[in-house]
Amino acid sequence: MASGRRKDPQKVLRTVKKAEVERLVRDLVRIPSHEDVPTQEKEVAEHLHEFLEDEGVESRLRTVERNRPNVIAAVKGSSGGRSLMLNGHTDTVPAYDMNIPPFKPDVRNGRLYGRGSLDMKGGLGAMAMALVAIERSKVELDGNLYLTAVVGEERRSEGTEDIILRGPRADMAIVGEPTDMEIQPSHRGLEWLEAHFHGKAAHGGQADRGVNAISMAARFVGKVEEDLLPKLRARKSRHTLPPTLNLGVIQGGQQPSSVADHCVVRIDRRWVPEETLQQVFGEILQIFDELKKEDPRFKAELRRDPANMKTMTHVPNVVRKDHRVVVSLARAIKDVTKRPAKISTFWGWTDAALMTHFGKMPTVVFGPGGAGAHSRVEYVFVDDLIQCAHVYSMAALDICG
Ligand SMILES: [Zn+2]
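Sequence order as written defines residue numbering, which begins from 1 separately in each chain. Given that this is a predicted model, residues contribute local features only at a pLDDT of at least 70 and side-chain atom pairs are listed and counted only at 80 or more, while totals for whole chains, interfaces and linings are drawn from all residues.

J.: Any chance you could explain the sheet that holds strand β16 (residues 379-381) here in plain terms?
T.: Within a sheet, each strand pairs with its neighbour through backbone hydrogen bonds, oriented either parallel or antiparallel. Here 4 strands make up an open sheet; going across it, the order is β4-β5-β16-β15 and the pairing antiparallel. Both outer strands of the open sheet, β4 (106-108) and β15 (370-371), are each paired with one neighbouring strand and no more. If DSSP finds at least two bridges between two strands, the strands pair. Secondary structure elements follow DSSP: runs of H or I no shorter than four residues count as helices, runs of E no shorter than two count as strands, and numbering proceeds from the N terminus. With 2 bridges joining them, β15 and β16 adopt antiparallel strand pairing. From the neighbouring strand, Gly-370 faces β16, where its bridge partner is Val-380. Two residues qualify as being in contact provided that their C-beta atoms, derived from the backbone, are within 7 Å of each other. To obtain an axis, a line is fitted to C-alpha atoms, over the contacting stretch when the element is a helix, and the angle between two such axes runs from 0 to 180 degrees between their N-to-C directions. Packing of helix α5 (residues 117-136) onto the sheet brings it into contact with β5 (111-113), β15 and β16, and relative to β16 it is tilted by some 40 degrees.

J.: What am I meant to see in the domain arrangement of the protein here?
T.: How big an interface is tends to be stated in terms of accessible area lost as the parts join. Per the domain assignment, the segments making up the protein are domain 1 (2-187 + 316-400) and domain 2 (189-304). Measuring from the centre of the C-alpha atoms in domain 1 to the corresponding centre in domain 2 gives 38 Å. The interface of domain 1 with domain 2 comprises 8 residues on the first partner and 8 residues on the second. Classification used: nonpolar for Ala, Val, Leu, Ile, Met, Phe, Trp, Tyr, Cys and Pro, charged for Asp, Glu, Lys and Arg, polar for all others including Gly. Here the side of domain 1 that touches domain 2 is built from residues that sort into 5 nonpolar, 3 polar and no charged. The source of the domain bounds is an automatic or database domain assignment.

J.: What's the story with the packing of α5 against helix α11 (residues 382-400) in this structure? I'm lost.
T.: A pair of packed helices is captured by two measures, namely the crossing angle of their axes and the spacing between those axes. Where α5 contacts α11, the axes come no closer than 8 Å and their chain directions differ by 50 degrees. In terms of orientation, α5 lies oblique with respect to α11. Here the hand of the crossing between α5 and α11 comes out right-handed. The residues of α11 that touch α5, namely those facing Gly-122, Gly-123, Gly-125, Ala-126, Met-127, Met-129, Ala-130, Ala-133 and Ile-134, are Leu-385, Cys-388, Ala-389, Tyr-392, Ser-393 and Ala-396. Residue composition of the contact of α5 with α11, grouped by class: 11 nonpolar, 4 polar and no charged. With respect to orientation, any angle under 35 degrees is reported as roughly parallel, any angle over 145 as roughly antiparallel, any angle of 65 to 115 as roughly perpendicular, and every other angle as oblique. By the definition used in this description, the sense in which the near helix is turned from the far one sets the handedness, with an anticlockwise turn below a right angle giving left-handed and a clockwise turn giving right-handed.

J.: Would you mind going over the sheet that holds strand β12 (residues 300-304) with me for this structure?
T.: An order of β10-β11-β9-β12 is seen for the 4 strands of this open sheet, with the pairing classed as antiparallel. Edge positions in the sheet fall to β10 (244-252) and β12, since each has one partner strand and no second. Pairwise comparison of adjacent strand axes, ignoring direction, gives a mean angle of 20 degrees for this sheet. Note: β10 against strand β11 (residues 262-271), 8 bridges, orientation antiparallel. The partner of Ile-250 across the bridge, within β11, is Val-265. The strands touched by helix α7 (residues 213-234) are β9 (189-198), β10, β11 and β12; relative to β10, the strand with the most contacts, the crossing angle is about 175 degrees.

J.: Help me understand unusual backbone geometry, please; the structure alone is not making it clear to me.
T.: Excluding glycine, residues mostly have negative phi values, and the peptide bonds linking residues are mostly trans. A cis amide bond links Asp-119 with the next residue in sequence, Met-120, at an omega value of -10 degrees. Examined against the element boundaries, Met-120 turns out to sit in helix α5. The omega torsion of the bond from Gly-167 to Pro-168 falls at 0 degrees, within 30 degrees of zero and hence cis. Summarising the element assignment, Pro-168 is placed in the loop between α6 (158-166) and β7 (172-175). Of note in this structure, Lys-360 is not a glycine but carries a positive phi near 55 degrees. Judged by C-beta crowding, with 10 C-beta atoms within 10 Å, Lys-360 ranks as exposed. For every residue, the other C-beta atoms within 10 Å of its own C-beta are counted; 20 or more classify it as buried, 12 or fewer as exposed, and values in between as partly exposed. C-beta atoms are placed from the backbone.

Listed below in structure tokens is the structure:
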């Protein structure tokens, strides 16, 4: 039995067709699932759940928050062997001002267009088809193969936090975010911070009686650019791109004739595995201290931005390149695409970090190619969808087989 089923992975691959993956991804794109939809991710989750059930794959919906269920599906193994989780998010960013109809998926020149086609209903559909392929081919796995389709990755990662806290758990995992068919075992952590500056209001005609919070913010920005940014640029990581700090938003003051008593600078800080969160905070607090020494009226505080995370810090992700999940994926990519697998690193942050760090499931990112995530023209390559479905199924056979 064991040798027989390993001999013919091609049989598994043949059970799903390109047109089927395309149809599923189109259906997922057609159902809006961003934060402005009153029912949030509910309908897309229900669609995926029903699709899997119709295919005979064990699936359930589990509510994370009102109207917001995760889909948890599984092809169960027979003997408690090594297990694998495929994970993807069901939410997308809103349509904003797209130049294409966001929710009328259209296929042209091998590209499937629409909001979420690339980020990441493409990868999610391919992952679902991998479970379908294994179910249809009646292969008996030793270990469990899971699919978790989660809510809220574009917000606070509520869905993946829920999986980590309540299960299921697997020995390793793959997140299907778009990577252009490359394996990405590591990426930076992400922290959103707010620097608040507190001054003293006064009439603009008597500005000397006040303390200007906007001026404090300006001094802070100056020091960040002179002292901190060069330090970060020089800091290299063995695993990821170098760290960054972006000054994303500045807000302060009421009107021109008032001395501003409050100003806030919102910061995006991408940190590398060689840094610590304390260091991330500490380097900014040190600038506050220096500015206070220069001017005793300087008053600032540093806060975490609650919009970016729920309870789990968005740490960096690091998985060794010789880990089983990387090796199995690389083998599968070579078999399916007939090209050697590429291992790279990504500028973005994904739920993989939470799964590796807090879920104790080493997790890497691998998904289709395309362009325009979060922007005006978003598409995914249709050929990549079927290839991803095949790669996920072969990796699953290798890991759980
Ligand atoms: Zn995404």
